[in-house]
Amino acid sequence: MSGAGPASPGRSAASPLPSDRRREALAAASPIQPIIKDVGEIYSRLLDHRPVIQGEIRYFVKEFEEKRGLRELRVLENLKNTIFETNEHVLPKCEQAMHDNLNEAIKRLQAANDKIHRLQEREHEERKLQADKLMAREEKRVAHWEELMKEQQNKQAEVDEEHRKAVERLKEQYSEMEKELAKYVSF
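Reading the values: the criteria
Residues numbered from 1 in each chain as written. Predicted model: local features only at pLDDT ≥ 70, side-chain atom pairs only at ≥ 80, totals over all residues. Heavy atoms only, no water. Helix = DSSP H or I, 4+ residues; strand = E, 2+ residues; numbered from the N terminus. Buried < 20%, exposed > 50% of the residue type's maximum accessible area, 1.4 Å probe, protein only. Patch = residues over 30% accessible without salt bridge, like charges linked within 9 Å, V, L, I, M, F, W, Y side chains within 5 Å. Areas by Shrake-Rupley, 256 points an atom, 1.4 Å probe, with all protein chains shown as cover. Salt bridge = Lys/Arg side-chain N within 4 Å of Asp/Glu carboxyl O. Lys, Arg positive; Asp, Glu negative; His and termini not counted. Charge placed at Lys NZ, Arg CZ, Asp CG, Glu CD. pLDDT = per-residue confidence, 0-100. Contact = heavy atoms within 4.5 Å.

**Examining the overall build of the protein**
Part 1: When helices and strands are counted, the protein shows 4 helices and 0 strands.
Part 2: In the protein, the order of α-helices and β-strands from amino to carboxyl end is α-α-α-α.
Part 3: Across the 187 residues of the protein, 2% fall into the buried class.

Here it is in structure tokens:
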């Protein structure tokens, strides 16, 4: 285990050789050759998995090609046929149906748009008519108010005039009464 056995002198003598030749020289000159061979076999069985993995890969590829290869081909062929049928038959029918339905929808939308436009025009005319009626009523009310105010001013002037005349009459009457009274007081 310490490495001081018979392999040590062989190592120093074989150091100028390349590494592969050095191992061969060590194995051939050494009494532990069967042990090294057994270790190599154990290593290749336990740690070197390349041959096993390559065998598994070959088996997997063989199984995949045999079992799935034709099935995948059939699936792809069916897909190709379905796409071809869709492109040749279904798509033109869908386009025609869509075109017909879109034309019908456009006609209906245009008719609805025309009706809404006419309705908006009628509503606008009604609003304008109502606004005109409202303005006419407002003008009539203002004219009536002005006439009423003039009438009130005239009546107020008449009442003021009557009141002034009444006051004048009463003043004259009281002045005459005072004169008459002054006559009676002088007796």
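**Some points on a nonpolar patch on the surface**
Part 1: A cluster of nonpolar side chains, contributed by I53, I57, F60, V61 and F64, occupies part of the molecular surface with about 480 Å² of accessible area.
Part 2: Within the element layout of this structure, I57 appears in helix α4 (residues 50-186).
Part 3: Of the residues examined, I57 reaches a relative accessible area of 49% and is grouped as partly exposed.

**Examining a negative patch on the surface**
Part 1: On the surface, a cluster of negative charge is made up of E168, E172, E176 and E180.
Part 2: When you line up the elements, E172 lands in helix α4.
Part 3: On the accessibility criterion, E172 (46% relative accessible area) is partly exposed.

**Things to note about the pattern of salt bridges**
Part 1: For the structure on display, the rule yields 5 salt bridges.
Part 2: Two residues, E104 and R108, come together in a salt bridge whose shortest N-O distance is 3.3 Å. Taken as a pair, E104 and R108 lie in helix α4 at a separation of 4 residues, close to a single helical turn.
Part 3: Its relative accessible area of 58% is what places R108 among the exposed residues.
Part 4: Among the ionic pairs, R141 bridges to E138, the shortest N-O distance being 2.5 Å. Of this pair, R141 and E138 are both found in helix α4, 3 residues apart, which corresponds to roughly one turn of the helix.
Part 5: What makes R141 partly exposed here is its relative accessible area of 46%.

**Description of the confidence of the model for the protein**
Part 1: Confidence in the prediction for the protein averages 82 pLDDT; 82% of positions are at 70 or higher.
Part 2: Of all the helices and strands in the protein, helix α1 (residues 7-14) carries the lowest mean pLDDT, 43, while α4 carries the highest, 89.
Part 3: For residues 1-17, every residue scores under 50 in pLDDT, and the model assigns this stretch 6 contacts once sequence neighbours within four places are set aside.

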